[in-house]
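The primary structure of each chain is shown beneath.
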Amino acid sequence: MNIFRSSLFLLLTASLAAQTITPRARAIHNSAIIVDTHADTPQRFLYQNFDIGNTDPKDIGHISLDKARAGNLGAEFFSIWADPETTSGHFARSTFDMIDSVYQQAARHPDRMMMAFSVADIERAHKQKKLAALMGIEGGHSIENDIHLLRDYYRLGVRYMTLSWSNTNEWADSSGDIDDPKIQHHNGLADFGKQVVLEMNRMGMMVDISHVADKTFFDAIATSRAPVIASHSSARALTNHPRNMTDDMLRDVAKNGGVVQTNFYSAFIDDNYRKAVEAQKQDAEAAVEARVAELKAAGKTVTYLDKDQVEREWAAKIPRPPLKSLIDHIDHIAKVAGVDHVGLGSDFDGVSGALPEGIDSAADLPKITQALLDRGYNEKDIHKILGGNLLRVFSEVERVSRKMQAEAARTSTSQ
Ligand SMILES: [Zn+2]
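Nothing here was measured: the structure is a model prediction, and the numbers come from that model. (Residues numbered from 1 in each chain as written. Predicted model: local features only at pLDDT ≥ 70, side-chain atom pairs only at ≥ 80, totals over all residues. Heavy atoms only, no water.)

## Here's the deal with the environment of Ala133
Tracing the backbone shows Ala133 in strand β4 (residues 131-138). Linking Ala133 and Ile143, residues 10 residues apart in sequence, is a C-alpha distance of 22 Å. Those residues within four positions of Ala133 in sequence are excluded, and the remaining contacts are Glu76, Phe78, Val102, Met113, Met114, Met115 and Ala116. (Helix = DSSP H or I, 4+ residues; strand = E, 2+ residues; numbered from the N terminus. Contact = heavy atoms within 4.5 Å.)

## Details of the nonpolar core
Counting 83 residues, the largest nonpolar core has Leu163 and Ile368 as the members making the most contacts within it. The greatest single-element share of this core, amounting to 6 residues, is contributed by helix α14 (residues 323-336). Sequence-distant contacts of Ile368, defined by excluding residues within four places in its chain, comprise Phe264, Leu326, Ile327, Ile330, Leu344 and Ile359. Membership of the second largest hydrophobic core comes to 22 residues, among which are Met114, Val119, Ala125 and Tyr160. (Core = buried A, V, L, I, M, F, W, Y, C linked by side-chain atoms within 4.5 Å. Buried < 20%, exposed > 50% of the residue type's maximum accessible area, 1.4 Å probe, protein only.)

## A short note on the coordination of the zinc ion
Within the protein, the atoms that donate to the zinc ion are Glu138 (OE), His211 (NE2) and His232 (NE2), at distances of 2.0 to 2.2 Å. Look at where the donors of the zinc ion fall in the sequence and you get E-x72-H-x20-H. Pair noted here: His211 is in the loop between β6 (206-208) and α9 (214-223) and His232 is in the loop between β7 (229-230) and α10 (247-256), with a separation of 21 residues, a long-range link. Taking relative accessible area as the criterion, His232 reaches 0% and is therefore assigned buried. (Donors = N, O, S within 2.8 Å, 3.2 Å for Na, K, Ca; no water.)

## Re the pairing of strand β2 (residues 73-80)
Counting buried positions over the 8 residues of β2 gives 8, a clear majority of the element. Examined bridge by bridge, strand β1 (residues 34-39) and β2 share 4 bridges and lie parallel to one another. When the sheet's bridge partners are listed, Val35 is paired in β2 with Ala75. Pairing of β2 with β4, which is carried by 6 bridges, proceeds in the parallel orientation. Note that in β4 the partner of Glu76 across the bridge is Ala133. (Pairing = 2+ DSSP bridges.)

This is how it looks when you write it as structure tokens:
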């Protein structure tokens, strides 16, 4: 080996070492049931005809069956999100269409994927080496102020619902527009919102406080009889975004027995990135609006993916934050709330490609395990973060549901 070749060799091994997963990290990662609680892939299923069995190496998506397998992803909560702008006037229909799109994928790939509705289903899928597909509704507007629709969604398999998305609905204030005086707010959760929370508890649907305004969060915690989740939220102490949770909120989730599933989106985990997004926000929004107007003028139906395409171009102008930023958030939540109250809520396929360096898809999840190991987390704690905590909370939500239903049955027979 000449000098040139040996120095090249050193350079290559050094750069590989930065990404290499050690056998110990690999063993820890591969022995875990990994649960991610938020991926927006159904937008692709429905509007792009994307097949989760896709094997195109050039596909920019974060989720496919191959990518899930490579990252040992055991369970994914697919986000059922009716974009309030492009599906206005037919939220319920869009919600049903989105739910159907997940079932369609599972039906196409019965050997590698199965619909899952419980902790027991997730464990069964893990044993059968299949991806467990679960569903969570993103945004209480999907129920159109109708408790019957909420129950229908549960029957179809939806196992969490964020009380709001970025839009305040008729019964829950959102962090996305809480400072907008044009929006009618409710000082948190309105009475009907409290009924929604209790009905979710009774049925066994996890109450998800990601996206809600701070007051809605505190009202939800005070109302819920079961632990709550934040399916995709990070820490505000590190990155000052209203979508993130303050340390007080993190401590309250810990007291409630719930879990905060860390969002990977660059603008939620890195303050430099967040500021860069803020600086170009007006221009980026104008570009999105121009594209929407152009499509509408041409008589085309506009979907979230049309807007996403423009947002990707703007996101790509900002350098990606390091993976360290994401790990800092997991670590902060683990320190403030406790290691029993933190997990993963990637927001895969919902962030216009804006993820930290090294995380290009679900296949890169082992890098998170490696980074946690490097920070001194032990195997038991890493397993909790990767999915154990979420499974504990989900079990508790199932237990509270059985208890509430038994109470209701006793009351009705004694009358
Ligand atoms: Zn979201």
